[in-house]
Amino acid sequence: MTSPDVPPKAPDPAVLRPRLPSPVREVVDERFARRGVRLLLKRDDLIHPDLIGNKWRKLAPNLRAAGGRPVLTFGGAYSNHLRATAAAGRLLGLETIGVVRGDELADRPLNPSLARCVADGMRLHFVDRSAYRRKSEPETLAGILRAADAGQAYMVPEGGSNALAVRGCHALGEELRGRADVVAVACGTGGTLAGLAAGLAPDQRALGIPVLKGDFLAADTAALQTRAFGGRRGDWSLDTRFHFGGFARVPDELEAFAADFEARHGLLVERLYVAKLLYGLVALAEEGAFPRGTTLSAVITGLPFA
């Protein structure tokens, strides 16, 4: 029997056999071809069936750092990050706790996303929206941890973006060195963009397409790079025009675009992140934003939730 004073053995996420490097597929789309642009899809959605895309790259180093302790993290009612963390807990035998924005949700039936988290063994703790916004304040955070009975847990921030996660995403850039002139990714918290840009070669640039409204992400991405690497790294920029009203907003125009892309290329398009990325790239190509002869890579970070 293991003594309670002996810390649990840290699981190694490598036992889950991720598919790395993820494959790169060229697709022919006349909206790009007529502008002289090649389009490559970096299929990070194929890394692992449960820890998809950037979720693997961000979570794996944090799971190692957790050292077998319970893992607590944060997210909204439709958070891909919460689902991935819950799945990791199930696969690796780790206790997981999800702090969910919105205490009013506690008395409602769980939506399919949160129900999947519970099915994977995650314990949910609902927090009122005011406290959730202030969760970075030490006193508020301490109160949340006490209420969730999670004082000994290893904390992963909302969206999984911290210095470890950014370093984990560095490999994404390295895998695309010499493959594309511009590498584009949808952004929620900026962690994937921060690591991707740092891993690319000096003659490549990264483009982030935020899926949330607001102009905060440039500062957040730069701050993440500073924490991970000591300063800004790589050539990167953001285009904030393609959020379609904010996170989880999928108006008819975006739905129609995603369905059309699926029909053209036989690729299931995740709506909250990937559809906005691809829509933005088509719009930019039609604006002439990419010079003729450009090879453009779009990072496919997820699949539709089933």
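Shown above is the structure to which this text applies.
So, a few notes on the structure that sits alongside this text. (Residues numbered from 1 in each chain as written. Predicted model: local features only at pLDDT ≥ 70, side-chain atom pairs only at ≥ 80, totals over all residues. Heavy atoms only, no water.)

Side note on the packing of helix 10 (residues 252-265) against helix 11 (residues 274-286)
Between helix 10 and helix 11, whose axes approach to 10 Å, the crossing angle comes to 85°. Here helix 10 is positioned roughly perpendicular relative to helix 11, judged by the angle of their axes. Each of Glu253, Leu254, Phe257, Ala258 and Phe261 in helix 10 lies in contact with helix 11, whose residues at this interface are Ala275, Lys276, Leu278, Tyr279 and Val282. Of the residues that constitute the contact of helix 10 with helix 11, the class distribution is 8 nonpolar, no polar and 2 charged. (Axes fitted to C-alpha atoms, helices over the stretch in contact; angles between N-to-C directions. Helix = DSSP H or I, 4+ residues; strand = E, 2+ residues; numbered from the N terminus. Parallel < 35°, antiparallel > 145°, perpendicular 65-115°, else oblique. Contact = heavy atoms within 4.5 Å. Nonpolar A, V, L, I, M, F, W, Y, C, P; charged D, E, K, R; others polar.)

Section: the pairing of strand 10 (residues 295-299)
On a regular strand, each side chain points to the face opposite its neighbour's, so the side chains alternate between the two faces of the sheet. Counted residue by residue, strand 10 has 5 buried out of 5 residues, so it is predominantly covered. What you see with strand 10 is no split at all: Thr295, Ser297 and Val299 on one side and Leu296 and Ala298 on the other are buried throughout. Of the strand pairs in this sheet, strand 2 (residues 38-42) and strand 10 are connected by 5 bridges, and their pairing is parallel. Bridging across to strand 10, Leu41 finds its partner in Ala298. (Buried < 20%, exposed > 50% of the residue type's maximum accessible area, 1.4 Å probe, protein only. Pairing = 2+ DSSP bridges.)

Focus: the pattern of salt bridges
This structure, assessed with the given rule, holds 23 salt bridges. In this structure, the salt-bridge partner of Arg57 is Glu175, at a minimum N-O distance of 2.9 Å. Within this pair, whereas Arg57 is found in helix 2 (residues 54-66), its partner Glu175 is found in helix 7 (residues 163-175), the two being separated by 118 residues in sequence. No difference in accessibility class separates Arg57 from Glu175, as the two residues are buried. (Salt bridge = Lys/Arg side-chain N within 4 Å of Asp/Glu carboxyl O.)

As for the sheet that holds strand 6 (residues 154-156)
Strand pairing in a sheet is mediated by backbone hydrogen bonds. Such pairs are either parallel or antiparallel. What the 4 strands build is an open sheet, ordered 5-4-3-6; its pairing is parallel. Both edges of this open sheet fall to strand 5 (123-127) and strand 6, since each of them pairs with a single strand only. Strand-to-strand, the axes of this sheet are offset by a mean angle of 25°, without reference to chain direction. Bridge count for strand 4 (residues 96-101) against strand 5 is 5 bridges, and the pairing is parallel.

Brief notes about helix 6 (residues 138-147)
Along helix 6, the residues classified as buried are Thr140, Leu141, Ile144 and Leu145. Down the axis, helix 6 shows its buried residues gathered within 135° of arc, on one side only. Along helix 6, the residues that are exposed and aim more than 90 degrees away from the buried face are Pro138, Glu139, Arg146 and Ala147. For helix 6, the secondary structure elements touched by its buried residues are strand 3 (71-75), strand 4, strand 5, helix 5 (129-133) and strand 6. Looking one or two residues beyond helix 6, the residue adopting positive phi is Asp149, at roughly 55°. (Arc of directions from axis to C-beta.)

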